[in-house]
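Architecture and fold: a report
Each chain, letter by letter, is given below.
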Amino acid sequence: MAQESSLNTASRRTRILNNHLVQSPSKPTSCLQSNSCLSYTPPELTESFDFDTKEMRKILDFHNLEDRDWLFGVIKQGRVFNGKDRGGRLFVNPDYNQTMEQQREMTMKRIEYLLERGAFDGWLTKKGVEAELKKLALLEVIQIFDHSLSVKLGVHFFLWGGAIQFMGTKRHHDKWLRDTETYAIKGCFSMTELGHGSNVRGIETVTTYDLKTGEFVINTPCESAQKYWIGGAANHATHTIVFSQLNINGVNEGVHALIAQIRDVNGNILPNIRIADCGHKIGLNGVDNGRIWFDNVRIPRENLLNSVADVSPDGQYLSAIKDPDQRFAAFLAPLTSGRVTIATSAIYSSKVGLAIAIRYSLSRRAFSITPDGPEALLLDYPSHQRRLLPLLAKSYAMSFGGNYLKMIYVNRTPESAKTLHVVSSAFKAVFTWHNMRTLQECREACGGQGLKTENLIGHMKGEFDVQSTFEGDNNVLMRQVSKALLAEYVAAKKKNRPFKGLGLEHLNGPIPVIPSNLTSTTLRSSKFQMNAFCLRERDLLNRFAAEVSLYQSKGESKESAFILSYQLAEDLGRAFSDRAILQTFTDAEANVSAGSLKNVLGLLRSMYALICLEEEAAFLRYGYLSTDNAAAVRTEVTKLCGELRPHALALVSSLGIPDAFLSPIAFNWIDANSWSSVKY
């Protein structure tokens, strides 16, 4: 019946459009007939709220709601945050029409403003889960305002400060952490080089030890070794963490991290250091990315971050971890914070885009569905629902995934390091890809208005595009995920033990069976959805292991075999990610009492699961779904769009983003564009 109604609607719309295009004038008219002008109707007057949006926000934001709201208020009140009245409403967002130099200086002014108001108190000097969650919450709020500002802070606190915290020891903590928190020093993080990004092992900067003076000497031996894309280096940073090959007594001990000062207190570049600007970028121009060359720069021996390895005054290399691979892994393990913050940042970005596009679609009209009838709201078109509502369901699902990731991070232990690495790698890749796709769809869904910088979405694409690259190229990260899963698989098979960890326990049970005939009830069953996701992950892991083994049997090395199996590796990485996200959604839903809120979460969970089944080619490629079942899935997604449509405004109102952090087209876009709003 619903399908028939949809077809009738489509048929009527086709006839009307045809009349618009081919109709010939029947009667000459002597004068123009006036039509009533469009007026803005707030969707709140007509849309229903069938569940408590405040309770939904609690589930989504998960922690530190009061701290978030406090910082939203601080930003709205500060003149440095560029508040403007548009259509009788206050909006705060950066002035992207400023030059690159102006944007950079505004970023620093905003940091100073927030510093004066205590926004960063305890970010490095307080310990414990509560302190870390508060820091993550406040960074998420800042990112909603401006990605440049959050990245600049992330480099200073999470990369520079985090390296000192987790790679250093007490001598470093006592000397550097307090001054970092108060911005007495400004830190940056020099890992990436012109010739090496994701392959950190291959970096070419070299550090040697001068036994006579008790100093380390850092050198950039060639142009490809220059430090590149170093956030904060071009203008503001006074110190940096330098990643380099450590050469002791003629032996390369691998990559280590050291503290080097690059500017004096007056901002002058120090001798034997050269710094150049990376220049204008497609986004993030409020961050001063720079390039650094070290020309035999001398630093004290104590500046080696020595939680994993040290060099004694007499030049002896000391480490309790003898295996170079394990030592390298121990070095990098604390740096997962970057992937955690990028993943959660991407989800809030997609929420901003969806909140703007969906609110606009609830007040913007186009074409009449009936002859001489009123124009229809954009979101009343099934095609528009299809564009936006599945992406909204994915953003909800990934919110729960992000909350799970944050809890792993703040409760991390040496035993959970592998899980943190794998999950953060997977979620960082999937969330940032989702964000870019979402922003593009939202931009298009807003038509020409999506092109205006003040409406945010179009500009956000450039601001967030880099997330697919920094802290690990997404494709590389997904292959790392599959590599870790393969290692678990091989170990379990070799030792003939059950799978444990990384959510792979489902491999210990029987192989799930997909029914030959998928009904609506079955498709919406959380058990079926999880079975389908587990079947895909299980089968792809078996296929991946078999293909790698086959290549090795033909004489390929283990690494070469892995590289040649990249297609299965990428399919497996996606399967792991989707299953893990669905599990976090199911867990969040299980903690909600029966009622309207739980019912809506059930619709969103089904939408997330079924849109993955529809969009991921692996379900058809490897035969997990028949073509008939794939058609049933597609039909069900369309039904879910119709059922979620009445909740659209309530769902975006639950995202925890104040109106001032959206854009004019999310509200009265007619007043915001009226002649009276024009400023001279």
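Note that the structure is a prediction, hence the values are computed from the model and not measured. (Residues numbered from 1 in each chain as written. Predicted model: local features only at pLDDT ≥ 70, side-chain atom pairs only at ≥ 80, totals over all residues. Heavy atoms only, no water.)

1. A closer look at the packing of aromatic side chains
Quick note on the threshold: A pair of aromatic rings is counted whenever rings of Phe, Tyr or Trp (Trp by its six-membered ring) have centres within 6.5 Å, and the orientation is called stacked for planes under 30 degrees apart, edge-to-face for over 60 and tilted otherwise. Runs of H or I in DSSP of at least four residues are treated as helices and runs of E of at least two as strands, each being numbered from the N terminus. Classification of residues uses two cut-offs on accessible area relative to the type maximum, computed with a 1.4 Å probe and protein chains only: under 20% is buried, over 50% is exposed, and between them is partly exposed.
Applying the stated criterion across every chain, the model contains 23 aromatic pairs. Considering the side-chain rings of Phe427 and Phe431, the 5.0 Å spacing of their centres and the 20° angle between planes classify their relative orientation as stacked. You can see Phe427 and its partner Phe431 sitting in helix 11 (residues 417-445), four residues apart, about one turn around the helix. Of the two residues, Phe427 and Phe431, both sit in the buried class.

2. Concerning the side chain of Lys152
Formally: Identification of polar contacts relies on pairs of N or O atoms within 3.5 Å, with a donor-acceptor requirement for protein atoms, meaning one able to donate a hydrogen and the other able to accept it, and with residues adjacent in sequence counted only if both atoms are side-chain atoms. By definition in these notes, contact holds between two residues if any of their heavy atoms fall within 4.5 Å.
With respect to the helices and strands, Lys152 occurs in helix 6 (residues 147-167). Judged by its relative accessible area of 8%, Lys152 is buried. Of the polar contacts made by the side chain of Lys152, one reaches the side chain of His236; its length is 2.8 Å. In this view, Lys152 contacts Thr107, Met108, Ile111, Gly232, His236, Val287 and Asp288; residues no more than four positions away in its chain are not counted.

3. Here we look at the sheet that holds strand 6 (residues 227-231)
Within a beta sheet, neighbouring strands are joined by backbone hydrogen bonds and run either parallel or antiparallel to one another. Basically, it comes down to this: DSSP calls a pair of strands paired once it identifies at least 2 bridges connecting them. Note on method: axes are straight lines fitted to C-alpha atoms, helices fitted across the in-contact stretch only, with angles between N-to-C directions ranging 0 to 180 degrees.
Spatially, the three strands line up as an open sheet ordered 6-10-9, and their pairing is antiparallel. Of all strands in the sheet, those with a lone pairing partner are strand 6 and strand 9 (273-277), marking the two edges. In this sheet, adjacent strand axes meet at a mean angle of 35° when their direction is disregarded. Two strands pair when backbone bridges link them, and strand 9 and strand 10 (residues 289-294) are joined in this way by five bridges, in the antiparallel orientation. When the sheet's bridge partners are listed, Asp277 is paired in strand 10 with Gly290.

4. Digging into the packing of helix 11 against helix 17 (residues 566-590)
What describes two packed helices is the angle between their axes and the distance between those same axes. What counts here: Throughout, the term roughly parallel applies to angles under 35 degrees, roughly antiparallel to angles over 145, roughly perpendicular to angles from 65 to 115, and oblique to all others. Residues are sorted three ways: Asp, Glu, Lys and Arg are charged, Ala, Val, Leu, Ile, Met, Phe, Trp, Tyr, Cys and Pro are nonpolar, and all the rest, Gly among them, are polar.
Between helix 11 and helix 17, whose axes approach to 10 Å, the crossing angle comes to 90°. When the axes of helix 11 and helix 17 are compared, the pair comes out roughly perpendicular. Contacts between helix 11 and helix 17 involve Val422, Val423, Ala426, Phe427, Val430, Phe431 and Trp433 from the first element and Arg574, Phe576, Ser577, Ala580 and Ile581 from the second. In terms of residue class, the contact of helix 11 with helix 17 is made up of ten nonpolar, one polar and one charged.

5. Brief notes about the environment of Ala575
Checked against the element boundaries, Ala575 lands in helix 17. On the accessibility criterion, Ala575 (0% relative accessible area) is buried. Distance from Ala575 to Asn673, taken between C-alpha atoms, is 45 Å for residues 98 residues apart in sequence. Not counting residues up to four positions away in its chain, the partners in contact with Ala575 are Arg536, Glu537 and Leu540.

6. Here we look at the UniProt feature "domain: Acyl-CoA oxidase C-terminal" (unreviewed entry) in the chain
Note the cut-off: UniProt positions are given in the numbering used here, feature names are shortened, and annotations may be inferred rather than shown by experiment.
Look at the UniProt record and you will see "domain: Acyl-CoA oxidase C-terminal" (unreviewed entry) annotated at residues 529-662. Helix makes up 78% of residues 529-662 and strand makes up 0%, while its end C-alpha atoms are separated by 34 Å.

7. Notes on the UniProt feature "domain: Acyl-CoA oxidase/dehydrogenase middle" (unreviewed entry) in the chain
Following the UniProt record, the feature "domain: Acyl-CoA oxidase/dehydrogenase middle" (unreviewed entry) maps to residues 188-297 here. Here residues 188-297 runs as 0% helix and 46% strand, with 17 Å between its end C-alpha atoms.

8. Details of the pattern of salt bridges
To keep it simple, the criterion reads: Salt-bridge detection follows one rule: a side-chain nitrogen of Lys or Arg within 4 Å of a carboxyl oxygen of Asp or Glu.
Scanning all chains against the criterion turns up 41 salt bridges. Residues Arg359 and Glu44 are paired through a salt bridge, measuring 2.7 Å at the closest nitrogen-oxygen approach. Taken as a pair, Arg359 in helix 9 (residues 337-361) and Glu44 in the loop between helix 1 (2-22) and helix 2 (53-61) lie far apart in primary sequence, 315 residues in all. Between Glu55 and Lys58 there is a salt bridge, with the nearest N and O atoms lying 3.1 Å from each other. Highlighted residues: Glu55 and Lys58, both in helix 2, separated by three residues, approximately one helical turn. Taken together, the shared-partner salt bridges in this structure form one network comprising Arg524, Glu636, Lys639 and Glu643.

9. Examining helix 10 (residues 382-410)
Counted only if it meets this: One less than the residue count of a helix, multiplied by 1.5 Å, gives the span that helix is expected to have.
Between its first and last C-alpha, helix 10 extends 42 Å over 29 residues, near the 42 Å set by a 1.5 Å rise per residue. Helix 10 sits mainly inside the fold: 23 of its 29 residues count as buried.

10. Some remarks on unusual backbone geometry
For Phe62, which is not glycine, the phi dihedral falls at a positive 75°. Given the relative accessible area of 42%, Phe62 is considered partly exposed. Of note in the backbone geometry, Asn496 takes a positive phi value of approximately 55° without being a glycine. Mapped onto the fold, Asn496 is located in the loop between helix 13 (474-495) and helix 14 (520-523).

11. Section: the environment of Tyr608
In this fold, Tyr608 is placed in helix 18 (residues 596-615). Here Tyr608 falls in the buried class, since its relative accessible area comes to 1%. In sequence terms Tyr608 and Gly642 are 34 residues apart; their C-alpha atoms lie 15 Å from each other. When neighbours within four sequence positions are excluded, Tyr608 is seen to be in contact with Ala393, Lys394, Ala397, Phe533, Asp578, Ile581 and Leu582.

12. Some points on the packing of helix 9 against helix 11
Filter applied, for reference: For a crossing to be left-handed, the near helix must be turned anticlockwise from the far one by less than a right angle; the clockwise case is right-handed.
Between helix 9 and helix 11, whose axes approach to 8 Å, the crossing angle comes to 25°. By the angle class used here, helix 9 and helix 11 are roughly parallel. With respect to the hand of their crossing, helix 9 and helix 11 are arranged in left-handed fashion. Of the residues belonging to the contact of helix 9 with helix 11, the class tally is twelve nonpolar, ten polar and two charged.

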